[in-house]
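# Summary of the model geometry
For reference, the chains in residue letters:
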Amino acid sequence: MLVKEHPYICYHVVLLMLFLLCTKVWTLWCKKNKAAVSIPGNRGLLFVGETLQFMAAINSSKGVYEFVRIRRLRYGNCFKTRLFGETHVFISRTESAKVILNNEGGKFSKKYIKSIAELVGSDSLLCSAQQHHKLIRFCLFSLFSTASLSSFVKFFDAMVVEAMSSWSCESIVVIQDETLKLACKAMCKMLISIESGYELMVMQKEVASICDAMLSFPLRLPGTRFYKGLKARKKIMDILDKEISERRSGIGTHRDTIANAMTWMVKFVDENQEVLNELMKEQVQIEKQGTRSAYLTLEALNKMPYASKVVKEALRMASVVQWFPRVALQDCEIEGFKIKKGWNINIDARSIHLDPIVHNDPDVFNPSRFSDESKPYSFLAFGMGARTCLGKNMAKAMLLVFLHRLITTYKWKVIDSDSSIQKWALFTKLKSGCPVSLTYMKDTNKTM
Ligand code: HEM
C-alpha cells in the first residue's frame, strides 16, 4: 500500500542502505589502515622533511640525539620523521627492539644513512645485508675468539702501561685524546697488524676525518666535510691490501666507540666517589694477586665483578651508539602501526637505557643495578641478535684494563665537568674531552 502510494520509497530505502553500507565499509577500511596514517610524527615537506632540524641538532652542543629526544617526548615510543628524503621511524620499546633486532620473519635488514654507508663502505660488515653479512661475519669470527682475546688483553695492557708511564705527575691529561690514540693503535694492530710508523700515523689522522664526516650532508663538493671524509677513506684504502678489505672498514667507528666509552666511564666514576671507593677495594686486591712481572690476563679480568658492572653502567648511561638503523623489507606492523616497505626503522637504544619504566632512577649512576637480573632487551649497548657487536668482549676487556690501570696508577680528578656534546659526532662524545689532573703517580715500571 505504502509502496503503491509512494513509488519512490523503495528506491530511497535502497539508497539509504547503500549509503549505510558504504559508511560501514569506509569505517572498516579506515580502521584497518588507521595505523598507517596515525603513526605520530611530522614528515615535513617532500624530500627536505625535518633534515634541517636534524642538521641543526648535529651542529649543537646537545648533539644529534637531541633531535630524537624532543620528538620522543612529543610523540611517544614510536614516531616518524623524514630525513634526507626518506622516512625514518624511531622506536624505543624493548618488545619492539626484540622483534626487530632478531629480524623475526626476515622483515628487516641493516641500513645506514647515505653518508655513513659511503664512508664505511656498503660492502663492509657494518653495512652488508643477509647472506653477504653472514659470510663476512663467519670469516671474522677467529679474530674475536677467546684465544685471540686472551693475547689481546696482554697486548692492550702493555700498551696502556706504556702510554700511562709517559703521563707526568702534576700534569693535565685529556682522557679523550689519550683513549683515541690507544684505541686506534689497538684496532690497527688487531685488525690489520699495523703497529707503528707512517701507516699508523696516516690511519690515526684519516680515521678521524672519516668519523667527523659520518653525519655530514652527502655532497661530493670539494671542501665539504663529506668530501674530506671520502678522501680520507681513499687514503686508508690505498695503504691497505685488497685481502683485508672486509676488516679495515670498521676501524674508525670502533675506535670512536671505545674511546668515547672510556671517556664517559672516567667522567661517571669521577662524579661518584662511593663507586670509586668500591672499585678501589676490588682493584687493589687484583693488583695484589698479580705477580709483579705480569700484565693483566683474561682470568684477572674475570675476577672483577664490580668493575664489570661499572663498565656496563657507564655503557648504559653513555649509550655511545644511540640507535641502530634497519630498513623494512616488506610492509609490516609494529606497535600496532603500519610500517611501509623501504622505511628506515631505528631502534632508539638511548631512550630504552634512560626509560624509568625499564630502569629504576635511570639518571643515577648505579653499577649495582646490574647485580639483579635485567629485563630482556633493557641493556642494548652492544646491540642484540645477528648484528650484535662482534667486538663486545674485546671492548669490555679494553674498558676494564684501562679502568684498572688508571685507578691503581694515579690519583686523578676531572677538572672540567661540562657535559656538552661534541658537534658532528655520530657517537656521543664529550666536547671537553674530559681533562683530568694527575696528582699522584705510582712508578708504572714496578708493575712490570
Ligand atoms: C664500547 C665500545 C663499543 C660499542 C658500544 C659497540 C657497539 C656496537 C653496536 C651497538 C653494534 C650493533 C649495531 C647494530 O645492531 O646496528 C656494533 C656492531 C659491531 N661492532 Fe661494536 N661496539 C664497540 C666496540 C667495538 C670494537 C672494539 C670492535 C672491534 C674490534 C667492534 C666491532 C663491531 C662489529 C664488527 C660490528 C658489526 C657486527 C655486524 O654487523 O655483524 N665494536 N657495535
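Worth saying up front: this structure is predicted, and the values here are computed from it rather than measured. (Residues numbered from 1 in each chain as written. Predicted model: local features only at pLDDT ≥ 70, side-chain atom pairs only at ≥ 80, totals over all residues.)

This part takes up the overall build of the protein chain. When helices and strands are counted, the protein chain shows 18 helices and 11 strands. Taken over 448 residues, the protein chain has a buried fraction of 38%. Nonlocal contacts in the protein chain, meaning residues at least 24 apart in sequence, comprise 72% of its contacts between residues at least 6 apart. (Helix = DSSP H or I, 4+ residues; strand = E, 2+ residues; numbered from the N terminus. Buried ≥ 20, exposed ≤ 12 C-beta atoms within 10 Å, placed from the backbone. Contact = placed C-beta atoms within 7 Å.)

By size, the foremost hydrophobic cluster in this structure holds 107 residues, and its most contacted members are A261, M265, M398 and L399. A total of 11 residues in this core trace back to one element, the largest contributor, which is helix α18 (residues 392-409). (Core = buried A, V, L, I, M, F, W, Y, C linked by C-beta atoms within 7 Å.)

Looking at the ligand, there are 23 residues lining it, with T257, F324, G383, C389 and G391 nearest. Of all the secondary-structure elements, those providing two or more residues to the shell around the ligand are α13 (251-271) and α18. Counting residues per element, the shell around the ligand draws most heavily on α13, which supplies four residues. Considered class by class, the residues forming the shell around the ligand number 15 nonpolar, five polar and three charged. (Near = placed C-beta within 6 Å. Nonpolar A, V, L, I, M, F, W, Y, C, P; charged D, E, K, R; others polar.)

Once that is clear, we can look at the packing of helix α8 (residues 146-165) against α18. Orientation of α8 relative to α18, taken along the N-to-C sense of each, is 35 degrees, at an axis distance of 10 Å. Read as a crossing pair, α8 and α18 show a hand that is right-handed. Here L149, F152, V153, F156, D157, V160, V161 and M164 of α8 come into contact with α18, specifically with N393, M394, A397, M398, V401, F402, R405 and T409. Taken together, the residues that form the contact of α8 with α18 break down as 12 nonpolar, two polar and two charged. (Axes fitted to C-alpha atoms, helices over the stretch in contact; angles between N-to-C directions. Left-handed = near helix turned anticlockwise from the far one by under 90°.)

For the rest of this paragraph, the subject is the sheet that holds strand β4 (residues 108-110). Judged by pairing direction, the sheet is mixed, and its six strands sit side by side in the order β1-β2-β3-β9-β6-β4 without closing on themselves. On the outer flanks of this sheet lie β1 (41-42) and β4, each paired with one strand and no other. Pairing geometry for strand β2 (residues 78-83) and strand β3 (residues 86-91), over six bridges, is antiparallel. Paired with F79 across the bridge in β3 is F90. Helix α4 (residues 65-75) rests against β1, β2, β3, β6 (323-328) and β9 (344-348) of the sheet, and its axis sits at about 135 degrees to β2. (Pairing = 2+ DSSP bridges.)

This part is about the UniProt feature "binding site: heme" (unreviewed entry) in the protein chain. The sites that UniProt annotates as "binding site: heme" (unreviewed entry) are C389. Residues in contact with C389, not counting those within four places in the same chain, are F382, G383 and A395. (UniProt positions renumbered as here; feature names shortened; annotations may be inferred.)

Right, let's talk about α4 for a bit. Residues of α4 that are buried: F67, V68, R71 and R72. Buried residues along α4 cover an arc of 125 degrees about the axis, so they all sit on one side. Residues of α4 that are exposed and point over 90 degrees away from its buried face: L73 and R74. Looking one or two residues past α4, G76 carries a phi angle of roughly 105 degrees, positive in sign. (Arc of directions from axis to C-beta.)

Okay, the pairing of β6 next. Both β4 and β6 contribute to a ladder of three bridges, which runs antiparallel. Following the sheet pairing, F108 is matched in β6 by A328. Where β6 lies against β9, five bridges are found, and the strand directions are antiparallel. Across the sheet, residue W323 finds its bridge partner in β9, namely D348.

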